[in-house]
Amino acid sequence: MAWVQAVEKLGNVSVPPRARCLRTIVSELERIHSHLLWAGIAAHIIGFISVFYLIWNSREKVKDLMEITTGHRANYSFNTIGGIRRDITDLEPIYKILSEVEEDCKSFIDIVMNDKTIELRTKGVGVLTKEDAITYSVVGPTARASGIPQDIRKVDEPGAAYDLIDWKVIVSDGCDVFARVEVRLLEILESIHIIREILKIIPEGPIAKEIRPIIPEGTAIGRHEAPRGEDVHILVSDGSDVPFRHKIRAPSFVNLPALSAMLPNNDLANATLIVASVDPCLSCTQR
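Residues numbered from 1 in each chain as written. Predicted model: local features only at pLDDT ≥ 70, side-chain atom pairs only at ≥ 80, totals over all residues. Heavy atoms only, no water.

A. Quick look at the pattern of salt bridges. For the structure on display, the rule yields 20 salt bridges. We note a salt bridge from Glu-187 to Arg-144, for which the minimum N-O separation is 2.7 Å. Of this pair, Glu-187 sits in helix α8 (residues 177–201) while Arg-144 sits in helix α7 (residues 140–144); the two residues are 43 residues apart in sequence, bridging distant segments of the chain. Taking relative accessible area as the criterion, Arg-144 reaches 0% and is therefore assigned buried. In this structure, Glu-225 engages Arg-144 in a salt bridge whose closest nitrogen and oxygen atoms are separated by 3.0 Å. Of the two residues, Glu-225 sits in strand β3 (residues 218–226) while Arg-144 sits in helix α7, which places them 81 residues apart along the sequence. Pair check on accessibility: Glu-225 and Arg-144 agree, each one buried. Because the salt bridges share partners, they merge into one network encompassing Glu-28, Arg-31, Arg-144, Asp-151, Arg-153, Glu-187 and Glu-225. (Salt bridge = Lys/Arg side-chain N within 4 Å of Asp/Glu carboxyl O. Helix = DSSP H or I, 4+ residues; strand = E, 2+ residues; numbered from the N terminus. Buried < 20%, exposed > 50% of the residue type's maximum accessible area, 1.4 Å probe, protein only.)

B. The layout of surface pockets, seen in detail. Approximately 870 Å³ is the volume attributed to the largest pocket. What lines the largest pocket is a set of 31 residues, and nearest its centre among them are Met-1, Glu-30, His-224, Ala-226 and Asp-231. Of all the secondary-structure elements, those providing two or more residues to the lining of the largest pocket are α1 (2–10), α2 (17–46), β3 and β4 (229–237). The element contributing the most residues to the lining of the largest pocket is α2, with 8 residues. In the lining of the largest pocket, the residues fall into 14 nonpolar, 9 polar and 8 charged. (1 Å grid on protein atoms, 1.4 Å probe; cavity = no way out; pocket = protein on both sides within 12 Å on 5 of 7 lines; lining within 4 Å. Points joined across faces, edges and corners; volume = space filled by probe spheres on them. Nonpolar A, V, L, I, M, F, W, Y, C, P; charged D, E, K, R; others polar.)

C. Spotlight on the sheet that holds β4. Reading across the sheet, the 3 strands line up as β3-β4-β5 and stay open at both edges, with antiparallel pairing between neighbours. Across the chains shown, the open sheet's two edge strands, defined by having one partner strand only, are β3 and β5 (245–249). In this sheet, neighbouring strand axes are inclined to one another by 15° on average, regardless of whether the strands run parallel or antiparallel. Here 5 bridges tie β4 to β5, and the two strands are oriented antiparallel to one another. Counterpart to Val-236 in the pairing with β5 is Arg-245. Running over the sheet, α1 touches β3, β4 and β5 and is turned about 145° from β3. (Pairing = 2+ DSSP bridges. Axes fitted to C-alpha atoms, helices over the stretch in contact; angles between N-to-C directions. Contact = heavy atoms within 4.5 Å.)

Structural data, given as structure tokens:
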């Protein structure tokens, strides 16, 4: 998403409305899948294996839905410069599976948010104050769990349709591991709401626009709210059909250093959980 938005800005390419809506749907399905994956791992780290199975069972439903809509369970390759690669003509499976996932999520969210063991393992643990979050420039759920209402989806980026519907940014001022759990779980429900709102307004029409093979010389920045936070792609074009430079700044690159503020004065047994609470992707920092 961030990459194609950068190219589209540089080439002054407008994305068809239907493609913008379908990009948004797939982006939010990816967010649901990512947050469910993370929540399952967090439950496993705590030792709550039954909740781990419940969460990952719901994740499988989302992956099945990704396969139905995009043709792939993992590597979707859904976005292309100027639109999307594949139309979604049958919307009924989206409604059906989303309803199932929503019911599943409400049940285990109730378990997680009210379980005393989880509360003891997460509340007051791995604190990242709002001031420290700003100092370390954290992004995504890590920032929002420290009281910072930062979300690139609220910025009018041209490639998606978030500006066409009403939805809210999930924020908590808990600043600890529990708050990061809370933000991600509630974001799942909000993502379901976003998809349903998009389905109400999705128009007919083309799914992609033809573009020139040569992108004009210049520099453009594409930004997208990935599940872990703001993903930034910087594109430098020399006027050919090959990028002169392509710089990627993944959210983990700025979230990981904040562990310097979260880990001190905590029990060693909680270190793994604190690290996991920022949902780190170590390989992303090397791109």
